[in-house]
Amino acid sequence: MALPVAAQASPLELFVERTAMATADLRCGFFDSALRPALEAGRAQSRNAALRAGASAQALAEAEARGRRAGSAADCSAPDVLAAADHVRQAFQGFTRLRQAVYPGEAADWRADRSPSADVHLWRLVQTGQFDQGRMVFGLAGRNGPPVLLALASFDDGAVPYAARLVFRDEARADAPYLGVGGELSRRLPPRGAQVSVPPEAPSRARLGLRPKEMGAGWAFRFPAAATARLARLDPREAVAVEFLFSSGAAVRRAYVEVGDFAPGQAFIQLATR
């Protein structure tokens, strides 16, 4: 899925433009509650595209500051500013009517679904994958309210984990991602000394509606909202891991998740349904 983009603009230029427009909207009120998340989804996607194209964290920070300055200085009634806002409004109008989207990654895709569901829990933003001796489904799930971050896993030998933890790069110890050599997700986590882990809020049996048909009986672990926010801040090229802990046999089994376009996908599922 591709969001509307300005012709011939580089990802970094798009990031500046969308940041400027989002900042101007805070003062001028150009967009409604449906279009604002659409613009934020586009802003997040252009940020990720710039990182994949090789932009440094410093260049990205400077681009964001430039966009915020431009948006803060914009004249809300100026013809060129009104024309730019109208262009954004028209470009994203069709996007707000989409119910489902796919965000391709290098190793795995994020699949987004914002279909109305008052009674059944759905995966709102999900990535699936296999690992040694098991299978995992990971992402945001819920009904019509705010979704929660879940890891749902089943194990080929029927083992039952007593706990799990979500492992990230610790931004306080490592301000840049570890991307390693080669495409393996296991190489996109920093050394142990630069990692931080988040425990789940609660384990439970996996809901039938969230468990893929090909997956056997599984276990679900719900992580706090702070973990969702941390995941959205990471570089799209890096990975996080879910470690499942067992009391016997293989004490720890690790499954990897590509960060990818988690942030744009999260913004997409927050769009008001039209």
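Residues numbered from 1 in each chain as written. Predicted model: local features only at pLDDT ≥ 70, side-chain atom pairs only at ≥ 80, totals over all residues. Heavy atoms only, no water.

Novice: Honestly, the overall build of the protein chain in this entry has me stumped. Any pointers?
Specialist: Looking only at helices and strands, the protein chain features 6 helices and 11 strands. Computed over the C-alpha atoms, the radius of gyration of the protein chain is 20 Å, within 12% of the 19 Å expected from 2.2 N^0.38 for a compact globule of 274 residues. Each of the three principal axes of the protein chain carries a C-alpha extent, and together these read 70 × 45 × 30 Å. Buried positions account for 49% of the 274 residues belonging to the protein chain. Look at the contacts in the protein chain between residues 6 or more apart in sequence, and 62% of them connect residues 24 or more apart. If you sum the accessible surface of the protein chain, you get close to 13,100 Å²; carbon and sulfur atoms cover 52% of it. Across the protein chain, 34 positive and 28 negative side-chain charges occur, with their mean positions spaced 5 Å apart. (Helix = DSSP H or I, 4+ residues; strand = E, 2+ residues; numbered from the N terminus. Rg over C-alpha atoms; globule rule 2.2 N^0.38 Å. Buried < 20%, exposed > 50% of the residue type's maximum accessible area, 1.4 Å probe, protein only. Contact = heavy atoms within 4.5 Å. Areas by Shrake-Rupley, 256 points an atom, 1.4 Å probe, with all protein chains shown as cover. Lys, Arg positive; Asp, Glu negative; His and termini not counted. Charge placed at Lys NZ, Arg CZ, Asp CG, Glu CD.)

Novice: Any chance you could explain the packing of aromatic side chains here in plain terms?
Specialist: For any pair of aromatic rings, geometry is given as the distance between the ring centres together with the angle between the planes. Scanning all chains against the criterion turns up 6 aromatic pairs. Ring centres of W110 and F138 lie 6.4 Å apart, and the angle between their planes is 55 degrees; on these two criteria the pair is classed as tilted. A residue pair is termed long-range when its members are at least 10 positions apart, and W110 in strand β2 (residues 110–113) and F138 in strand β4 (residues 134–142) qualify at 28 residues. With respect to class, W110 is no different from F138; both count as buried. By way of ring pairs, the aromatic residues F155, F221, F244 and F246 are connected into one cluster. Stacked on the ring of F168, the Lys or Arg R230 has its end atom at 5.6 Å from the ring centre. Here R253 stacks its cationic end above the ring of F246, 4.6 Å away from the centre of that ring. (Phe/Tyr/Trp six-rings, centres within 6.5 Å; stacked < 30°, edge-to-face > 60°. Lys NZ or Arg CZ within 6 Å of the ring centre and 35° of its normal.)

Novice: What am I meant to see in the nonpolar core here?
Specialist: If you look at the biggest cluster of nonpolar residues, it comprises 54 residues, and the most contacted ones within it are M136, F138, L166 and F244. Those residues within four positions of F244 in sequence are excluded, and the remaining contacts are F131, M136, A153, F155, P161, A163, A164, F221, A251, V252, R253 and A255. Of all hydrophobic cores here, the second largest spans 8 residues; its members include W123, A141, L150 and L152. (Core = buried A, V, L, I, M, F, W, Y, C linked by side-chain atoms within 4.5 Å.)

Novice: Is there a simple way to think about the pairing of strand β9 (residues 219–223) in this case?
Specialist: Every other side chain in a regular strand lies on the same face of the sheet, so the side chains alternate between the two faces. Counting buried positions over the 5 residues of β9 gives 4, a clear majority of the element. Relative to β9, strand β5 (residues 148–155) is paired through 5 bridges, and the arrangement is antiparallel. Bridging across to β9, A151 finds its partner in F221. (Pairing = 2+ DSSP bridges.)

Novice: Please explain the sheet that holds strand β7 (residues 195–198) as it appears in this structure.
Specialist: The strands making up a sheet associate through backbone hydrogen bonding, with each pair oriented either parallel or antiparallel. Overall, antiparallel pairing links the 4 strands, which are arranged β7-β6-β10-β11 in an open sheet. Bordering the open sheet on either side are β7 and β11 (252–258), each of which pairs with just one other strand. Across the sheet, the mean angle from the axis of one strand to that of its neighbour is 25 degrees, orientation sign disregarded. Across 7 bridges, the pairing between strand β10 (residues 239–245) and β11 is antiparallel. (Axes fitted to C-alpha atoms, helices over the stretch in contact; angles between N-to-C directions.)

Novice: What is the right way to read the packing of helix α2 (residues 35–52) against helix α4 (residues 79–93) from this model?
Specialist: Between two packed helices, what matters for the description is the angle formed by their axes and the separation of those axes. Direction vectors running N to C along α2 and α4 enclose 90 degrees, while the axes themselves pass 10 Å from each other. In terms of their interaxial angle, α2 and α4 are classed as roughly perpendicular. The segment α2 lies against α4, with L35, A38, L39 and G42 engaging V88, R89, F92 and Q93. Grouping the amino acids of the contact of α2 with α4 by side-chain chemistry returns 5 nonpolar, 2 polar and 1 charged. (Parallel < 35°, antiparallel > 145°, perpendicular 65-115°, else oblique. Nonpolar A, V, L, I, M, F, W, Y, C, P; charged D, E, K, R; others polar.)

Novice: When you look at the state of the cysteines in this model, what are you seeing that I'm missing?
Specialist: Linking two cysteines covalently via their sulfur atoms produces the bond known as a disulfide. Overall, the coordinates contain 1 disulfide when judged by the stated rule. Between the sulfur atoms of C28 and its disulfide mate C76 the distance is 1.9 Å. Handedness of the C28-C76 disulfide follows from its S-S torsion of about -70 degrees: it is left-handed. One end of the pair, C28, is in helix α1 (residues 11–28); the other, C76, is in the loop between α3 (57–73) and α4, with 48 residues separating them in the sequence. (Disulfide = S-S within 2.5 Å.)

Novice: Please explain the environment of L152 as it appears in this structure.
Specialist: Relative to the helices and strands, L152 resides in strand β5. Distance in space between the C-alpha atoms of L152 and F138 is 6.2 Å, their sequence separation being 14 residues.

Novice: How should I be thinking about the confidence of the model for the protein chain in this particular structure?
Specialist: Parts of the prediction with low pLDDT should not have their coordinates interpreted in detail. Mean pLDDT over the protein chain works out to 86, with 92% of the residues at or above the 70 mark. Of all secondary-structure elements in the protein chain, the lowest mean pLDDT belongs to strand β8 (residues 202–205), at 67, while β2 reaches the highest, 95. Of the regions scoring below 50 in pLDDT, residues 1–7 engages in 18 contacts with residues more than four places distant in sequence or in other chains. (pLDDT = per-residue confidence, 0-100.)

Novice: In this structure, what is going on with the side chain of T19? I would like to understand it.
Specialist: The topology assignment puts T19 in helix α1. T19 gets classed as buried once you look at its relative accessible area, which sits at 1%. If sequence neighbours within four positions are ignored, T19 has contacts with R43, E64, G67 and R68.

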